[in-house]
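# Close look at the chain arrangement
Read off the chains here:
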Amino acid sequence: MEPTAGKPGLLKNVLVRCFLFGVLIVLCRFAYVVTVTGESCKLGNFCFLSLPENLNFVIARTGGPAIAAKNGAVPSTSAGSSLPDLYTSKDWIKAVHFYSSVFQDLMAQGFLSRKAKSLCIETPTGHDVYALRESGVKGAVGIFKKASRPLVIPGDPHRLPFGDNSFDFVFSGGGRLDKSPKPSDFAAEIVRTLKPEGIAVVHIGAKDTYSFHSFIDLFNCCKLVTSRDVEGFDDSMPKIREMVLKKECGDGEIELLSNTRVENGGGNLGNKCSVPGHKLELVRKAEPLIETEPLKPWITLKKNIQNAKYLPAMADISFKKRYAYVDVGARGYGSSIGSWFKKQYPKQNKTFEVFAIEADKTFHEQYKMKKRVTLLPYAAWVRNETLSFEINGDPGEKVKEKGRGMGRIQPAKSADGGFNGEVDQIQGFDFANWLKNTFSEKDFVVMKMDVEGTEFDLIPRLFETGAICLIDEIFLECHYNRWQRCCPGERSSKYEKTYGQCLDLFTSLRQSGVLVHQWW
């Protein structure tokens, strides 16, 4: 009789199952570490594909001596172990060389010390962190949405997981601030976590003067110490502008400045303002004004807007807190918002809030279902008061339906005998005061104004209150006694101003540094 093989077979099955169970546990652990914790490994955890805690390696300089991993920057492994491809790639080594040079220069200038508690923001692989540690800054740490231990821990740059006044030195390289969807929050977190008298160094694209000043405005209570242009280390950022800033205020001052809007003169804005020089530079690049009165303005002015040199086509607008289009005298949604701004204005992939200011209630229904469009169903005016809203058509045409003609506002009174249109009582509001309560100098605001002659009241009010400094670009239709399409040789009787007075208005705006274009 042959011996039974039941027991050996049972033992074999048990061992196979135990082995498979162990493999399953390892796979589950690995899946948890990668997907749940958002990183390949935490120090001390049982996981794979991470940078070993005791890794030590040598980065060879091109044509020179080696950089030994020292000062605890990256620990070493036992002899003969393999290294992750990332840390031996030419791109990573090249980046480390670049940042090592940057930090050595900052040390030489006294902006960085080896004892500085340092943070690198938005660093995917930690080459700048490694360069800091290799330079002797032992406490350096990096942060990115997905960790890369031991150099980089997980975190959101717009809500850094550190307390106030935590670091002596904060660094942001690679143009990360340029690419941030919330640059104002990004900058605010740098300032918050930086100690008073601490140094922040930010690498951005070497761009125009407008973007330079917009960048500086992001950093409340920080002083620009110095800046320089340097050559980048790869094609993604061939030119770099290095900005060195110093924090000069405490927590209470940061909170106060962060919450400041341009109210009651906006703190530093005052009731009057002077447009800065970098905006004058843009005005000089703008298309020329039409000096001679056009015989067919409805054609000439419409063609002229096609030649307009838009501000976002001349400068980078990335470093702004909000983006807004204010349509004063909007009429219907398709009049200029849908037909022009949405389709033609260069937005640099920014999402704009749209504010439609329109007193004629005939058009209000169109805006109820429009997303990201705020309707202000009032008339833009120089103060809060009840107004007469006169609705009339073009010369030679009858008003067939209320609201179809162009509306213009007047202080409340009965219409004179020469007016044969319709009159409504509407509410006017202080437009300049609304601008100051809604926007700050950190926002990007583009405005179109078509208010049937009221521009001669509103524009001076904007200057008087300082609200003009909150507007980056204006598309203005100036109304005058122009030649009529319907009646050759006849001028409009609706407006008293001349083309010369309109030209003076445009000229004075540009001389003051306001980028204004002739609208039709």
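Residues numbered from 1 in each chain as written. Predicted model: local features only at pLDDT ≥ 70, side-chain atom pairs only at ≥ 80, totals over all residues. Heavy atoms only, no water.

As annotated in an unreviewed UniProt entry, the protein carries the name Methyltransferase type 11 domain-containing protein and is attributed to Prunus persica.

Looking only at helices and strands, one finds 14 helices and 19 strands in the protein. Residue burial in the protein is summarised as follows: out of 520 residues, 51% are buried. In the protein, of all internal contacts separated by at least 6 residues, the share reaching a separation of at least 24 is 70%. Within the structure as shown, the protein displays about 25700 Å² of accessible surface, and the carbon and sulfur contribution to it stands at 52%. (Helix = DSSP H or I, 4+ residues; strand = E, 2+ residues; numbered from the N terminus. Buried < 20%, exposed > 50% of the residue type's maximum accessible area, 1.4 Å probe, protein only. Contact = heavy atoms within 4.5 Å. Areas by Shrake-Rupley, 256 points an atom, 1.4 Å probe, with all protein chains shown as cover.)

A word on the packing of helix α2 (residues 90-108) against helix α3 (residues 127-134). One can describe the packing of α2 onto α3 by two numbers: an axis separation of 8 Å at closest approach and a directional angle of 50°. Between α2 and α3, the interaxial angle falls into the category oblique. Once α2 is placed against α3, the crossing between them reads as right-handed. Only H127, D128, Y130, A131, L132 and E134 of α3 make contact with α2, whose side of the interface consists of W92, A95, V96, Y99, S100 and F103. Split into classes, the residues belonging to the contact of α2 with α3 amount to eight nonpolar, two polar and two charged. (Axes fitted to C-alpha atoms, helices over the stretch in contact; angles between N-to-C directions. Parallel < 35°, antiparallel > 145°, perpendicular 65-115°, else oblique. Left-handed = near helix turned anticlockwise from the far one by under 90°. Nonpolar A, V, L, I, M, F, W, Y, C, P; charged D, E, K, R; others polar.)

What follows concerns helix α8 (residues 277-285). In an α-helix there are 3.6 residues to a turn, and that puts residues three or four apart on one side. Of the positions making up α8, those classed as buried are H278, K279, L282 and V283. All buried residues of α8 lie within an arc of 155° about the axis, which places them on one face of the element. (Arc of directions from axis to C-beta.)

With 48 residues, the main nonpolar core has V326, F431, W434 and L462 as its most contacted residues. Ranked by residue count, the leading element in this core is helix α14 (residues 499-511), at six residues. Apart from the residues lying within four places of it in its own chain, the contact partners of F431 are V326, V328, I357, A380, W381, M447, M449, L458 and L462. By size, the runner-up hydrophobic cluster in this structure holds 32 residues, among which are V102, L132, A140 and F171. (Core = buried A, V, L, I, M, F, W, Y, C linked by side-chain atoms within 4.5 Å.)

With that settled, consider the side chain of E477. By the element assignment, E477 lies in the loop between β18 (473-476) and α14. Among all residues touching E477, those that are not within four sequence positions of it are M449, D450, E455, R482, W519 and W520.

This part covers empty space enclosed by the protein. Applying the stated criterion across every chain yields a total of three cavities of 30 Å³ or more. Reported here for the second largest cavity is a volume of approximately 60 Å³. What lines the second largest cavity is L301, L476, E477, C478, Y480, Y499, C502, F506, Q518 and W519. The dominant element in the lining of the second largest cavity, judged by the number of residues it contributes, is α14, at three residues. (1 Å grid on protein atoms, 1.4 Å probe; cavity = no way out; pocket = protein on both sides within 12 Å on 5 of 7 lines; lining within 4 Å. Points joined across faces, edges and corners; volume = space filled by probe spheres on them.)

Glancing now at unusual backbone geometry. Residue P150 follows R149 across a cis peptide bond; omega there is 5°. Within the secondary structure, P150 sits in the loop between β4 (141-144) and β5 (152-154). Positive phi values are uncommon outside glycine, yet E197 reaches one of about 75°. Despite not being glycine, E452 has its phi angle at roughly 55°, a positive value. Along the chain, E452 falls in the loop between β17 (444-449) and α13 (455-465). With a relative accessible area of 8%, E452 lands in the buried category.

Across the 12 residues of strand β7 (residues 194-205), nine count as buried, placing the element largely inside the fold. When strand β6 (residues 167-172) meets β7, the two strands line up parallel, connected through five bridges. Paired with V170 across the two strands is A200, which belongs to β7. One ladder, built from seven bridges, connects β7 with strand β9 (residues 239-247); its direction is antiparallel. Along β9, the bridge assignment pairs H203 with E242. (Pairing = 2+ DSSP bridges.)

The six strands lie next to each other as β12-β11-β10-β17-β18-β19, forming an open sheet whose pairing is parallel. The two strands at the open ends of the sheet, each matched to only one other strand, are β12 (373-376) and β19 (516-518). For this sheet the average axis-to-axis angle between neighbouring strands, irrespective of direction, equals 15°. As paired strands, strand β10 (residues 323-328) and strand β11 (residues 353-357) are joined by five bridges and run parallel to one another. Following the sheet pairing, Y325 is matched in β11 by V354.

We now examine the confidence of the model for the protein. Scored by pLDDT, the protein has a mean of 80; 76% of the residues are at 70 or more. Of the regions scoring below 50 in pLDDT, residues 254-269 engages in 36 contacts with residues more than four places distant in sequence or in other chains. (pLDDT = per-residue confidence, 0-100.)

Turning our eyes to something else, we now look at the pattern of salt bridges. Applying the stated criterion to the full structure yields 18 salt bridges. The partner of D105 in a salt bridge is R228, with the nearest N and O atoms 3.5 Å apart. Residue D105 is found in helix α2, and its partner R228 is found in strand β8 (residues 222-231); the two are separated by 123 residues along the sequence. Its relative accessible area of 32% is what places D105 among the partly exposed residues. Between E287 and R510 there is a salt bridge; the shortest N-O distance is 3.4 Å. On the criterion of sequence distance, the pair formed by E287 in the loop between α8 and α9 (297-304) and R510 in helix α14 is long-range, its members being 223 residues apart. (Salt bridge = Lys/Arg side-chain N within 4 Å of Asp/Glu carboxyl O.)

Okay, the state of the cysteines next. Applying the stated rule across the entire model yields two disulfides. Shown here is the disulfide that connects C221 with C249, its sulfur atoms set 1.9 Å apart. Residues C221 and C249 are joined through a disulfide that is left-handed, its torsion about the S-S bond being -45°. Of the two residues, C221 sits in the loop between α6 (209-218) and β8 while C249 sits in the loop between β9 and α7 (251-258), which places them 28 residues apart along the sequence. The partner cysteine of C478 in its disulfide is C502, sulfur to sulfur 2.0 Å. Given an S-S torsion of about -80°, the disulfide between C478 and C502 has left-handed geometry. (Disulfide = S-S within 2.5 Å.)

Turning our attention to the sheet that holds β9. Note on sheets: strands pair through backbone hydrogen bonds, and any given pair is parallel or antiparallel. Spatially, seven strands are ordered β5-β4-β3-β6-β7-β9-β8 in an open sheet, and the strand pairing comes out mixed. In this open sheet, the two strands that pair with only one neighbour each are β5 and β8. Direction aside, neighbouring strands of the sheet carry axes that sit 20° apart on average. The sheet contacts of helix α5 (residues 183-193) involve β3 (118-121), β6, β7, β8 and β9, and relative to β7 the element is tilted by about 150°.

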